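Architecture at a glance
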Amino acid sequence: MELDKDIQTTQRGFHCNLCIVNIPNRPSLEDHVKGKKHQHLLRLRAQRKAQEENSVFVSGFKPDTSQTDLKEYFAQFGPVSDVIMDKQKGVYAIVEFSEPQNAEAALAQLQHQLNGLKLRVKPRERKEFKLASRGKQDSKNPQICLDKLNYELCKATSVNEQMLKVVERFELKDNEKKVRDLLVQLLQEVFTEFFPDCQIVPFGSSVNTFGIHSCDLDLFLDLENTKVFQARAKSSEATGENQSEDCRSEDSILSDIDLSTATPAEVLELVAVILRKCVPGVHKVQTLSTARLPVVKFSHRELNLHGDITINNRLAVRNTRFLQLCSGIDSRLRPLVYTIRLWAKQKQLAGNLSGPGPLLNNYALTLLVIFYLQNRDPPVLPSVNQLKNMACEEEKCIIEEWDCTFPSQPFIVPPSKNTEDLCTLLFGFFTFYSKFDFSASVVSLRDGHVLPITDFLQSDEEVVKPSEASGPKPQRSSAPKLRPMNVLDPFELNHNVAGNINERTQKNFKRECCEAEKYCRSLQYQQKSTKGKSWGLVRLFAPPTEAGPRSQVDTEKIMEVSIPFKADVLPEPLRAQLALAGQGFRGLWFAKVCSAVHMVFHEVLKCSPLEETQTTAVCQNLDKADRDGNEMEVNNNQSVEDSVLKTGKKRPLAVDEDEGPSTSTVVQAKRQKLDADMEHPEPVHWTWTQRNCVWAGRRKVRRDLLKTSDETSKPEGGCVDIESRVTQSIVEKEEKLQDLLEFKVDAEVVGGNESTKVVLRFHPSHDTAGVFQDFFHFLKSFLPKMAETILGRAES
Ligand code: UTP
């Protein structure tokens, strides 16, 4: 039997895409294809297709237009078999003819008019036929849900009202909260049987005031009291005393495990067994013991809930309390968070469906909203340090030596002087993050402002936990993981809650913020459409914009290569130097990048320099600032630096103490000038010539070269020596270009209001062979990788 297009072979047999079923073998497949269901769906699909071809989509009529009016009007093109109006009436209708030619005739007519209004008549959208789902599928289909929401939003009178509608549509209702409470109660009862005195504590979105209908139920199994219970039971056993009064320890699961020494994975294994065997309705139990916080996942069939159980997660319970407090302090936070969460989900920026992934988690996104509100002028929310100072003695809270003190009640916090409405605040959120230098800043809700990345560059050094002097002794712990986006947890100060974000997601986040910011400036955002068009939030929730804000034509005109600042790839000595440079770190990093870029052109790609006057001057300045202005140590990096500092003449590195006060004043003045250079370094310009097509066939040459050597393979751009030899090999084999390829490169460092990066702009000055585009195309990926490799070398 030949497979029809609806049948697909799979590893386990076949899959019918029409009926959405798996079929184990060929005889069953034959039965299935001849069967009632498959045949019925085939007929239905054919019927739908015919209906689509026979009908047209009509809009633009008056709201009181009836089906009969439309039927009578369209009868001029042929017999109308049906008119389907949209439920809310008055927005659109589908007019179905008996024959496809009638629909074609209606579409061919350029203008249609009914009751004095111009009608819009369009071909009907061709939808892929899908098996109609059973039951209340509407509520499960995100697109249908969003369409309905958008319809509701269009009816609102202001963006503020729209935002409140978003909350109303998504927030957990009382009955849903009750269902969650019931499950918590059930689990509490069952788990107490096995872990006496334990506590099941919900945290996360179910209780933090930002929950939505489908959100997970995050639970913390608190075994602290159980540990005490177990220790007591053990000591009474050892002393031969009677078992504890309630005799609970004997038959408890506790006899199998010692909670004081068991690993989290061992405890969670037990939790999984209890869930599987003893909790009615629970299924799909799965332990993830390798996660940052090991967790047991489960589902409840009847209650239709997914849950996570963690242990050792007291901080999460506390940060949940913090989010609740923030909601209580200012009522504008919830609508903002709900709206921004929905926006971020639609733009595929947040919401990893199956555990950690490269998108923002909801917690991180919520913290970004709070941080933004702390930075409004005047602030909408106070910083965590300010909150701490408002707490009383009884509210003091230290968890794992992190200071988690804040007031328990929102009314303690004075109301904000900020009176901006939701519409303005949402606009402001996009403006704030569209101009945010993520790669060079650390978001600190604790301080309520950004911290320079240089404060965190000495990563292997340790940071002091800022718990109060009177609290437990301050401890040292590792610094946060620096990544393209750095958002410090407000309490666990060495945890970057956006540590999973890769560069791509960070860039997408910024790009979408820029797009949203542009849109928010338009009247379509601010004012309700009088023509029934989508407006306000509706357009914000459209699918993501195409990657890259520039069109092909633009990118061809502006030949740019960017090298982003990535703290995590830099070697320890360089991080230490940058940390010392403080505000001037950009200047110093720029000098290092320029040296690396110079090395790529000169040594790796064998280009010859034509002019580099400015390079020399700027890098000399920066280099000097690096050496004496900041009293930094110069490593054996001369080879890289010298390739840029080609004049060769080095100035004295340190100021001679004996030189007297006059020299000292001069040095002081110079140092100020150098500091300024370091903060705002001048652009650098080079002119290079290239006589060989060192990019053409490069991969093959590289493969051949590596085949004959016993070097382990490194990715392209991963090793200076290999890449230089590849170029050499091409240069030796290939003919030189008849005419010179000459090009200029301007380099500058940007940052502050945008991500810190070095931007290199290319301009071909002689390209008679017309090869520069190819060369540039190659450089776009090769140059940043190669420069990163050079910067990443410990001696760089
Ligand atoms: P989620 O990111 O899942 O947030 O973290 P959420 O608000 O519950 O959103 P849903 O579940 O995706 O709808 C759940 C909780 O885990 C803790 C926080 O308490 C957060 O509320 N958490 C998460 C941390 O403590 N640190 C993290 O880095 C992430």
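Structural data are supplied above this passage.
Here is a short report on the structure shown in this document. It should be emphasised that the depicted structure is a prediction, and the values quoted were computed from it without experimental measurement.

1. Remarks on the site of the ligand
Taken together, 15 residues sit near the ligand, with Ser205, Asn319, Arg341, Asn362 and His495 positioned nearest. Between the ligand and Ser205, the relevant distance is 2.9 Å, taken from an oxygen atom to a main-chain nitrogen or oxygen of the residue. At 2.5 Å, a side-chain N or O of Asn319 approaches an oxygen atom of the ligand. Considered on its own, the ligand offers 570 Å² of accessible surface; in the complex 80% of this is hidden by protein. Within the residue set of the shell around the ligand, elements represented by two or more residues are helix H10 (314-329) and helix H12 (362-374). Looking at the shell around the ligand, the element that brings in the most residues is H10, giving three residues.

2. Here's the deal with the sheet that holds strand S20 (residues 487-488)
The three strands are arranged S17-S16-S20 in an open sheet whose pairing can be described as mixed. Each edge of the sheet is formed by a strand with only one pairing partner; in this case those strands are strand S17 (449-452) and S20. Here four bridges tie strand S16 (residues 441-444) to S17, and the two strands are oriented antiparallel to one another. Across the sheet, Val442 pairs through a bridge with Leu451, a residue of S17. The strands touched by H12 are S16, S17 and S20; relative to S16, the strand with the most contacts, the crossing angle is about 90°.

3. With respect to the pattern of salt bridges
Per the counting criterion, the structure on display carries 31 salt bridges. Of the charged contacts in the structure, one is a salt bridge between Asp308 and Lys297, with a shortest N-O distance of 3.0 Å. A residue pair is termed long-range when its members are at least 10 positions apart, and Asp308 in strand S13 (residues 305-310) and Lys297 in strand S12 (residues 295-300) qualify at eleven residues. By relative accessible area, Lys297 is classed as partly exposed at 23%. Between Glu723 and Arg702 there is a salt bridge, and its shortest N-O distance comes to 2.9 Å. Here Glu723 is found in helix H25 (residues 720-733), whereas its partner Arg702 is found in helix H24 (residues 698-707), with 21 residues between them in sequence. Accessibility classification places Glu723 together with Arg702 in one group, the buried group.

4. A short note on the packing of aromatic side chains
One pass over the structure, following the stated rule, counts 40 aromatic pairs. On the numbers, 5.4 Å between centres and 35° between planes, the contact of Phe601 with Trp688 is tilted. Of this pair, Phe601 sits in helix H20 (residues 585-604) while Trp688 sits in strand S23 (residues 684-690), and the two are 87 residues apart along the sequence. For the pair formed by Phe601 and Trp688, the shared burial category is buried. Taking the centre distance of 6.5 Å and the plane angle of 25° together, the rings of Phe772 and Phe776 count as stacked.

Calculation criteria
Residues numbered from 1 in each chain as written. Predicted model: local features only at pLDDT ≥ 70, side-chain atom pairs only at ≥ 80, totals over all residues. Heavy atoms only, no water. Near = heavy atom within 4 Å. Polar contact = N/O pair within 3.5 Å; in protein donor to acceptor, adjacent residues only side chain to side chain. Areas by Shrake-Rupley, 256 points an atom, 1.4 Å probe, with all protein chains shown as cover. Helix = DSSP H or I, 4+ residues; strand = E, 2+ residues; numbered from the N terminus. Pairing = 2+ DSSP bridges. Contact = heavy atoms within 4.5 Å. Axes fitted to C-alpha atoms, helices over the stretch in contact; angles between N-to-C directions. Salt bridge = Lys/Arg side-chain N within 4 Å of Asp/Glu carboxyl O. Buried < 20%, exposed > 50% of the residue type's maximum accessible area, 1.4 Å probe, protein only. Phe/Tyr/Trp six-rings, centres within 6.5 Å; stacked < 30°, edge-to-face > 60°.

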